[in-house]
Amino acid sequence: MASNHLTTFLSFSVILFISYVAKRIYEVYFSTHGVNKELPRLITPFPSLSFPSVAIPLVPSLNHYGICVTWKNRKSLYSNAPLKTFVQTPLIYGESFVYTSSVAAFRQVYGLNSVFEKDPNSTGNSDICLFGPNVIGAVGEDWKRHRRIAAPSFNRNTYRAVWDTTTKVYEDMVANEGWETIHRTGIVKANMITHKLALFIIASVGFGLPMAWEEPIKTDKGKMSLQSMIFEVSTHVIERARIPSLLYVSGHPALKRLEEAYSTFDRLMHERIKEREEELIVLRSTPGVTDEEIADTMRDVFGCLVNARMSEGKLSMSDEEIISNCLAFMFAGHETTANTLAGALGLLAIYPETQDFIFREIKDVLGNREPAFEDYDALVAVQACFFEALRIYPVSFLMLRHATEDTMLNIPRTDDPSVVETIRIKKGTNLVGDLVGLSYDPQVFPDPEEFNPRRWLEKIPATSAGSSLDQRQADEVNLSGSASTLDGFLGFSFGPRTCIGHKFAKIETVCFLANLLRSWRIEPVLEDGETNAEWRARVLEPHFGLTLMFDDVPVRFVRRSN
Ligand code: HEM
């Protein structure tokens, strides 16, 4: 009797297995993958943007490159793709994804009136919304509401605060690290200082929570310090979203830390919303106080959100949504800026002549005075250095969308750009904007592995930090489709959902680089007999999560004599 059951069970399992294999074979080899054209295909065990792909160690011989498929294959992925578009087809599990690195396709997918949308349930989007909807994860009308309320927070006052705070953090760093009087520092982990910087700026300019360069992990009352709390919250969003709450009772130290950080963050944010609202009520009822004065008091991004919410009425954004947007800014603004700047410092270390070129520009612009916010515009080579580092390391490397209706993409052929071909795309198809593919396209960026900030010099638009558009105006320009995005530079995306913090990030990095490079030369810390190229391959090979990241980037700062 028992053996009969076993035989039935086994036969049933075999039938299920064969049906699954047959279904996979059909899907892999005979389905259209949502497109009407025969596009080059990359067959991998799983989709790159899926849990198994991230969890299972890489096996390049089986085409299992995980989430860094585009990085690992950046020299070859599009060599047989005349439309700079291919289909990734997973063999074992999951749906196909269409990848494109074509600038023309980017403009259609991310531009105005596109039918391609973010999927609010996709990995990353749903995680980042763990406190509630926010500007990163929301779609449709809900996203418009978040963006409309959040955009005015990114204005000239904010940018000035970014500049001033960055200068202060730089000075704190030099004083606290004991670099004021020395000629040559010890080994500096560039990624550590850039993470600290980015965290401080977002905490201070974002939430009005200034931090000190040296801060203990615990307060004297044994509680987590502000710095540790913000660091924990901004770097462990995925873990917080994914780890089931039941596991927290295990009392594992890492989970305890996470729980403490998130509950403190939640409590602190609620308290601060209340404080800010009370402050605003007093201000608004004070005779003679102008809107400008109110805006000036509510200078940080968080204050602007509370102010905007009060102007529009409570229903416009709940407390949870304000907190969720703050988490979104912390997440989106911390790792991205820190890793781009770490990459820039690493590249500058191995390109001394580029450093000298940038140093000469800084000297020409500033002479011997300190850099000021108004200098941003003139520091073109420093800006170019940032763009080039972001091109080489596009931290936000994949931008996922799905087609909300049947649509098409018109893409010029690489071998004859006068011939434009149409790819019809079915509703529901997943599309990935591949920023690594675009950044390493030799047609757009000749000699793409070369760190060459000069390639951007003529493309940097003549707007200044002082006179430039605030984010609301920038949004309007983007919506009108006339944004003067640097040709081919889409590291901050394009169109209505372009990065809301792009100027925030640029001003922070340009200010930091201008301060650092005017006083110091950066050198790589090489191992015995190591060349700069070997150092680059060892140290500047990124790894990948929701963003592109670096481990230790060991450099040394040597004081410039003039
Ligand atoms: C080097 C630094 C940065 C890079 C490379 C970067 C890149 C990007 C990219 C590519 C997107 C579009 C993603 C997509 O549509 O799938 C984006 C969106 C976004 N970024 Fe950034 N970002 C940076 C810094 C910042 C900063 C400093 C903030 C905030 C303080 C920020 C806040 C956001 C937000 C809120 C969005 C979502 C906008 C929306 O969907 O309307 N980012 N960023």
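What you are looking at is a predicted structure, and each value in this text was computed from that prediction instead of being measured.

Rules used throughout
Residues numbered from 1 in each chain as written. Predicted model: local features only at pLDDT ≥ 70, side-chain atom pairs only at ≥ 80, totals over all residues. Heavy atoms only, no water. Near = heavy atom within 4 Å. Polar contact = N/O pair within 3.5 Å; in protein donor to acceptor, adjacent residues only side chain to side chain. Helix = DSSP H or I, 4+ residues; strand = E, 2+ residues; numbered from the N terminus. Nonpolar A, V, L, I, M, F, W, Y, C, P; charged D, E, K, R; others polar. Domains from an automatic or database assignment. Buried area = accessible area lost by both parts, 1.4 Å probe. Salt bridge = Lys/Arg side-chain N within 4 Å of Asp/Glu carboxyl O. UniProt positions renumbered as here; feature names shortened; annotations may be inferred. Expected span 1.5 Å × (residues − 1). Buried < 20%, exposed > 50% of the residue type's maximum accessible area, 1.4 Å probe, protein only. Contact = heavy atoms within 4.5 Å. Disulfide = S-S within 2.5 Å. Patch = residues over 30% accessible without salt bridge, like charges linked within 9 Å, V, L, I, M, F, W, Y side chains within 5 Å. Areas by Shrake-Rupley, 256 points an atom, 1.4 Å probe, with all protein chains shown as cover. Donors = N, O, S within 2.8 Å, 3.2 Å for Na, K, Ca; no water. Lys, Arg positive; Asp, Glu negative; His and termini not counted. Charge placed at Lys NZ, Arg CZ, Asp CG, Glu CD. Axes fitted to C-alpha atoms, helices over the stretch in contact; angles between N-to-C directions. Parallel < 35°, antiparallel > 145°, perpendicular 65-115°, else oblique. Phe/Tyr/Trp six-rings, centres within 6.5 Å; stacked < 30°, edge-to-face > 60°. Lys NZ or Arg CZ within 6 Å of the ring centre and 35° of its normal.

Taken together, 28 residues lie around the ligand, and W143, R147, R401, R497 and C499 are the ones closest in. Contacts to the ligand include R147, whose side-chain N or O atom sits 2.8 Å from an oxygen atom. The side chain of R401 places a nitrogen or oxygen atom 2.7 Å from an oxygen atom of the ligand. Of all elements in the fold, only α6 (140-150), α14 (319-350), α16 (380-392), β6 (398-403) and α19 (502-519) reach the threshold of two or more residues within the shell around the ligand. In the shell around the ligand, the residues fall into 16 nonpolar, 8 polar and 4 charged. If you count residues domain by domain, the shell around the ligand takes at least three from each of domain 1 (35-121 + 397-440) and domain 2 (148-396 + 447-487 + 491-559).

Right, let's get into the domain arrangement of the chain. Assigned domains within the chain: domain 1 (35-121 + 397-440) and domain 2 (148-396 + 447-487 + 491-559). For domain 1 and domain 2, the distance between their C-alpha centroids amounts to 29 Å. Summed over both partners, the interface of domain 1 with domain 2 comes to about 1900 Å²; 59% of that surface belongs to carbon and sulfur atoms. Across the domain 1-domain 2 interface, the total number found is 2 salt bridges. A salt bridge links K72 to E541, with the shortest nitrogen-to-oxygen separation between them at 3.4 Å.

Per the UniProt record, "transmembrane region" (unreviewed entry) is annotated on residues 6-22 and 197-213. Across residues 6-22, helical content stands at 100% and strand content at 0%; the span's end C-alpha atoms are separated by 24 Å. Annotation note: span residues 197-213, helix share 65%, strand share 0%, distance between end C-alpha atoms 9 Å.

Now for the pattern of salt bridges. On inspection of all chains with the given rule, the structure shows 28 salt bridges. With a closest N to O distance of 3.7 Å, R184 and E523 form a salt bridge. Here E523 lies in strand β10 (residues 520-524) and R184 lies in the loop between α7 (156-176) and β5 (188-189), a separation of 339 residues in the sequence. One connected set of salt bridges, linked through shared partners, spans K37, R413, D415 and E421.

What follows deals with α16. Its 13 residues give α16 an end-to-end C-alpha distance of 18 Å, which sits within 8% of 18 Å, the value for a rise of 1.5 Å per residue. Among the 13 residues of α16, 12 are classified as buried, and the element is accordingly described as predominantly covered. Turning to α16, its buried residues are A381, V382, Q383, A384, C385, F386, F387, E388, A389, L390, R391 and I392. Looking at the buried side of α16, the elements it contacts are α3 (69-72), α14, α15 (352-366), α17 (435-439), α19 and α20 (532-539).

This brings us to the state of the cysteines. Taken as a whole and judged by the stated rule, the model has 0 disulfides. Not engaged in a disulfide, the cysteine C326 finds its nearest cysteine sulfur in C304; these two sulfurs lie 11 Å apart. Lacking any disulfide linkage, C385 is separated from the closest cysteine sulfur, that of C511, by 14 Å.

On the surface, V14, F17, I18, Y20, V21, I25, Y26, Y29, F30, L91, I92 and Y93 cluster together to form a nonpolar patch covering roughly 1200 Å² of accessible area. Secondary-structure assignment places F30 in helix α1 (residues 2-30). Classification of F30 as exposed rests on a relative accessible area of 58%.

For the rest of this paragraph, the subject is the coordination of the iron atom of the ligand. Four donors placed tetrahedrally about a metal ideally form angles of 109.5 degrees, and six donors placed octahedrally ideally form angles of 90 or 180 degrees. When only protein atoms are considered, the iron atom of the ligand has one donor, C499 (SG), at a distance of 2.3 Å. For C499, the location among the structural elements is in the loop between α18 (471-479) and α19.

Moving on to a negative patch on the surface. A cluster of acidic residues, D291, E292, E293 and D296, forms a negative patch on the protein surface. Looking at where D296 falls in the secondary structure, it is placed in helix α12 (residues 291-297). For D296, a relative accessible area of 43% translates into the label partly exposed.

So, on to the packing of α15 against α19. One way to put it is that α15 packs onto α19 with a least axis distance of 9 Å and a crossing angle of 100°. By the angle class used here, α15 and α19 are roughly perpendicular. Judged by residue contacts, Q355, I358, F359, I362 and L366 of α15 engage L513, A514, L517 and R518 from α19. Grouping the amino acids of the contact of α15 with α19 by side-chain chemistry returns 7 nonpolar, 1 polar and 1 charged.

This part covers the packing of aromatic side chains. A full pass over the atoms with the stated rule returns 24 aromatic pairs. One cation-aromatic arrangement involves R107 over F494; the distance from NZ or CZ to the ring centre is 4.9 Å. The ring of W520 has R559 lying over it, and the distance from NZ or CZ to the ring centre is 4.3 Å.

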